2 protein chains.
Amino acid sequence: MTVIAQRTPKRHVMRNAILDAARAIVLRHGFDALSMRKIADVIGYSPASLYLHFEGRDAIAHALCAEGHAQLMDALRSVDPAATPAGRLTEMAHAYVAFARDHPQIYQLIFMENSAYTAAAMGHAGSDGATTLSMLGDPLTALCTEEKRPAAAEILWAALHGIASLSLTASAFIGTPVDALVDHALAPYLANTAIGRTARRRSSGRSA
Amino acid sequence: MTVIAQRTPKRHVMRNAILDAARAIVLRHGFDALSMRKIADVIGYSPASLYLHFEGRDAIAHALCAEGHAQLMDALRSVDPAATPAGRLTEMAHAYVAFARDHPQIYQLIFMENSAYTAAAMGHAGSDGATTLSMLGDPLTALCTEEKRPAAAEILWAALHGIASLSLTASAFIGTPVDALVDHALAPYLANTAIGRTARRRSSGRSA
DNA sequence: GTCTATAATTTGATAGAC
DNA sequence: GTCTATCAAATTATAGAC
């Protein structure tokens, strides 16, 4: 932690510069537009230099996946831990689709591209072992029987992903507001927790 | 219909040959692998000839979208029209996810690539005006109040798409069988139609 | 560590002969 | 309608100088 850690001082700096540039390109023009040359241009290095820090384009994509997933986990973690399980679940669900709406290219990279990228995102699983499923499973522990919880988390995740994902590719055909869809997906879990009204209030007061 | 229709006899033939080749490439190696040259190689024509029949790669992709969506509509239409609304809804939902499982590259092209391709698929909307939403809405007419039907169709579609889509990219993280997830998504609509047992039976007896 | 230079491909698309 | 030939560009990745 004192001397050894400084053995390669600039390694992280350069790596981060590459990832910053890559992230910017993906955010602006989508993942297909990501290339080694464009990254090199952005950071003012030659393309050859990138290979000193990453094996290739795919390794950078994998890193972006892990990073994006961690970002999503942070968003889910930002819910008020003092709230009731039902409240936390509601917050989390809305935060999930909001993340997809606010970072569509990242969301698409992580969950809509292919199973390798999804695995790169979930496999790494943040700095701890958190995944979308475990995050949703947490507030569900109080709302489901022990037995039904794993399946419940997957069911809810699938519902939220369906909403988030269709809102990116098929928004022209979805007339119902996204937050109303989310509230509907949550309804079975909140049936008699008297938080229905809260959920309904959230639906109205949301913007970009 | 007699003379005029024969004015351009081979037009459709060539067009179909191109689409057949394009479809084969997408099915085998995914949409990213689709290029004008590869199509030309497959059909034994020069790349230049393709431009006589399609504006470019994107036009071919659009045609594949429309075709793929029509194929999905056919799958949904193949449910027994004599069955009860609840039965038809159940059949349709399972047919939907089965289509995604059996034609993952096509499903991804239509619903997971971008909104332009989704619009190209849904906008065309088969030979009639059918879309995923209207197909699901049909059996729902008998199971929902008139008012709730449009939203119900979108909610169900989102749930099914979430299941289908995650089963393609995140299957490693989904432990619950796909058909069980579908049955769960259907449950609210089938609450008291006594078809729950039928749905449960379907879940066990499915294969590729 | 970084650069220059470049190899080796692949791409979409077009001009013009036939 | 189809082909040959080709353009103009982009891509990943590497070799070797510094």
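The present account deals with the structure reproduced in this document. Worth saying up front: this structure is predicted, and the values here are computed from it rather than measured. Within each chain, residues carry numbers counting from 1 in the order of the written sequence. All chains are assigned letters beginning at A, and all ligands numbers beginning at 1, according to the order in which they are written. With the structure being a predicted model, the display of local features is reserved for residues of pLDDT at least 70 and the display and counting of side-chain atom pairs for 80 or more, all residues being used for whole-chain, interface and lining totals. Excluded from the side-chain calculations are hydrogens and water; all other atoms, namely the structure's heavy atoms, are used.

**Looking at the overall build of chain A**
Inference 1: Helix and strand assignments follow DSSP, with helices taken as H or I runs no shorter than four residues and strands as E runs no shorter than two, numbered in order from the N terminus. A tally of helices and strands in chain A yields 11 helices and zero strands.
Inference 2: Start at the N end of chain A and walk to the C end: the helices and strands fall as α-α-α-α-α-α-α-α-α-α-α.
Inference 3: Between buried and exposed lies partly exposed: a residue is buried under 20% and exposed over 50% of the maximum accessible area for its type, with that area taken using a 1.4 Å probe on protein chains only. The buried share of chain A, taken over its 208 residues, is 48%.
Inference 4: By definition in these notes, contact holds between two residues if any of their heavy atoms fall within 4.5 Å. Contacts in chain A between residues at least 24 apart in sequence constitute 69% of all its contacts with a sequence separation of at least 6.
Inference 5: To measure how exposed things are, a 1.4 Å probe is used in the Shrake-Rupley method; for residues, cover is taken only from the protein chains shown. For chain A, the accessible surface area stands at approximately 10300 Å², while carbon and sulfur atoms represent 54% of it.

**Regarding the relation of the copies chain A and chain B**
Inference 1: Least-squares superposition of the copies uses the C-alpha atoms of those residues scoring a pLDDT of at least 70 in each of them. If you rotate chain A by 180° and push it 0.0 Å along the axis, it lands on chain B with an RMSD of 0.0 Å. Expressed as a symmetry operation, the mapping of one chain copy onto the other fits a two-fold axis. Considering only C-alpha atoms, the residue of chain A closest to the rotation axis is G162 of chain A, which sits at 1.7 Å.
Inference 2: An overlap of 100% is found between the interface residues of chain A and their copies at the interface of chain B, pointing to a shared contact surface.

**Structural notes on the pattern of salt bridges**
Residue and element names in this part refer to chain A.
Inference 1: When a carboxyl oxygen of Asp or Glu lies within 4 Å of a side-chain nitrogen of Lys or Arg, that pair is called a salt bridge. Using the criterion set out here, one finds 12 salt bridges over all chains in the structure.
Inference 2: As a salt-bridge pair, R149 and E146 come within 3.2 Å of each other at their nearest N and O atoms.
Inference 3: The class of R149 is partly exposed, set by a relative accessible area of 23%.
Inference 4: According to the relative accessible area criterion, E146 is exposed, its value standing at 63%.
Inference 5: What emerges from the salt-bridge pattern is a single network uniting D20, R23 and E67.

**Structural notes on the protein's contact with DNA strand D**
Inference 1: Working definition: residue near molecule or strand if any one of its non-hydrogen atoms lies within 4 Å of it. Taken together, 17 residues lie around DNA strand D, and R37 and Y51 of chain A together with S46, S49 and L52 of chain B are the ones closest in.
Inference 2: Each atom of DNA strand D within 4 Å of the protein belongs either to a base or to sugar and phosphate, the latter forming 57%.
Inference 3: Any pair of N or O atoms that falls within 3.5 Å is considered a polar contact. Within protein, one atom must be able to donate a hydrogen and the other to accept it, and sequence-neighbouring residues count only if both atoms are side-chain atoms. In this structure, S46 of chain B approaches DNA strand D through a main-chain N or O atom, which is 2.9 Å from a phosphate oxygen.
Inference 4: When contributions to the surface near DNA strand D are tallied by element, the ones reaching two or more residues are α2 (36–43) of chain A together with α3 (47–50) of chain B.
Inference 5: No other element matches α2 of chain A, which puts three residues into the surface near DNA strand D.
Inference 6: When residues are sorted by character, Ala, Val, Leu, Ile, Met, Phe, Trp, Tyr, Cys and Pro go into the nonpolar class, Asp, Glu, Lys and Arg into the charged class, and all the rest, Gly among them, into the polar class. In terms of residue class, the surface near DNA strand D is built from six nonpolar, six polar and five charged.

**Things to note about the side chain of H94 of chain A**
Residues and elements named next belong to chain A.
Inference 1: Note on placement: H94 falls in helix α5 (residues 85–102).
Inference 2: Side chain to side chain, H94 and D179 meet in a polar contact 2.6 Å long.
Inference 3: Of note is the side chain of H94, whose polar atom sits 2.8 Å from the side chain of D183.

**Digging into the protein's contact with DNA strand C**
Inference 1: Around DNA strand C lies a shell of 17 residues, among which S46, S49 and L52 of chain A together with M36 and Y51 of chain B are the nearest.
Inference 2: One of the side-chain N or O atoms of S49 of chain A is found 2.7 Å from a phosphate oxygen in DNA strand C.
Inference 3: In the model, a phosphate oxygen of DNA strand C is placed 3.1 Å from a nitrogen or oxygen of the K38 of chain B side chain.
Inference 4: Counting only elements with at least two residues in the surface near DNA strand C, the list comes to α3 (47–50) of chain A together with α2 (36–43) of chain B.

**Let's talk about the environment of L168 of chain B**
Inference 1: Note that L168 of chain B resides in helix α9 (residues 149–169).
Inference 2: Residues L168 of chain B and R101 of chain B, spaced 67 residues apart in sequence, show a C-alpha to C-alpha distance of 7.3 Å.

**A look at the packing of helix α5 (residues 85–102) of chain B against helix α10 (residues 178–190) of chain B**
All names here are of chain B.
Inference 1: Direction vectors running N to C along α5 and α10 enclose 150°, while the axes themselves pass 10 Å from each other. What the angle tells us is that α5 and α10 run roughly antiparallel. You can see that α5 and α10 cross each other, and the crossing is right-handed. When α5 is examined against α10, the residues A86, L89, T90, A93, H94 and V97 are found in contact with a partner set consisting of V178, D179, V182, D183, L186, Y189 and L190.
Inference 2: Among the residues forming the contact of α5 with α10, the class breakdown is nine nonpolar, two polar and two charged. Only the stretch in contact is used when a helix axis is fitted, and all axes are lines through C-alpha atoms; the angle between N-to-C directions ranges over 0 to 180 degrees. Each angle receives one of four descriptions, namely roughly parallel if under 35 degrees, roughly antiparallel if over 145, roughly perpendicular if within 65 to 115, and oblique otherwise. Left-handed describes a crossing in which the near helix is turned anticlockwise from the far one by less than a right angle; the clockwise case is right-handed.

**Brief notes about the interface of chain A and chain B**
Inference 1: The interface of chain A with chain B comprises 30 residues on the first partner and 30 residues on the second.
Inference 2: In this description, buried area is defined as the sum, over both parts, of the accessible area (probe of 1.4 Å) that is lost when the two are combined. The contact between chain A and chain B buries some 2600 Å² in all, and 65% of this surface belongs to carbon and sulfur atoms.
Inference 3: On the chain A side of the contact with chain B, E154, T169 and F173 of chain A bury the most area, a combined 23% of that side's loss.
Inference 4: The interface formed by chain A and chain B holds zero salt bridges in total.
Inference 5: The interface formed by chain A and chain B includes 14 residue pairs in polar contact (both at pLDDT 80 or more).
Inference 6: If one sorts the elements of the side of chain A that touches chain B by residue count, helix α9 (residues 149–169) of chain A sits on top with 12 residues.

**Describing the nonpolar core**
Inference 1: We call a set of buried residues a nonpolar core when its members are Ala, Val, Leu, Ile, Met, Phe, Trp, Tyr or Cys and they connect through side-chain atoms within 4.5 Å of each other. Core analysis: the largest hydrophobic core is formed by 137 residues, its most contacted members being Y96 and W157 of chain A together with Y96 and W157 of chain B.
Inference 2: If we ignore the near neighbours within four places in the chain, the residues touching Y96 of chain A are L72, L76, Y107, F111, T132, W157, L160, H161 and A164 of chain A.

**Thoughts on helix α6 (residues 104–111) of chain B**
Side chains three or four residues apart in an α-helix point the same way, a direct result of the helix having 3.6 residues per turn.
Inference 1: The buried count for α6 of chain B comes to six of eight residues, which makes it a mostly enclosed element.
Inference 2: Those residues of α6 of chain B lying buried are I106, Y107, Q108, L109, I110 and F111 of chain B.

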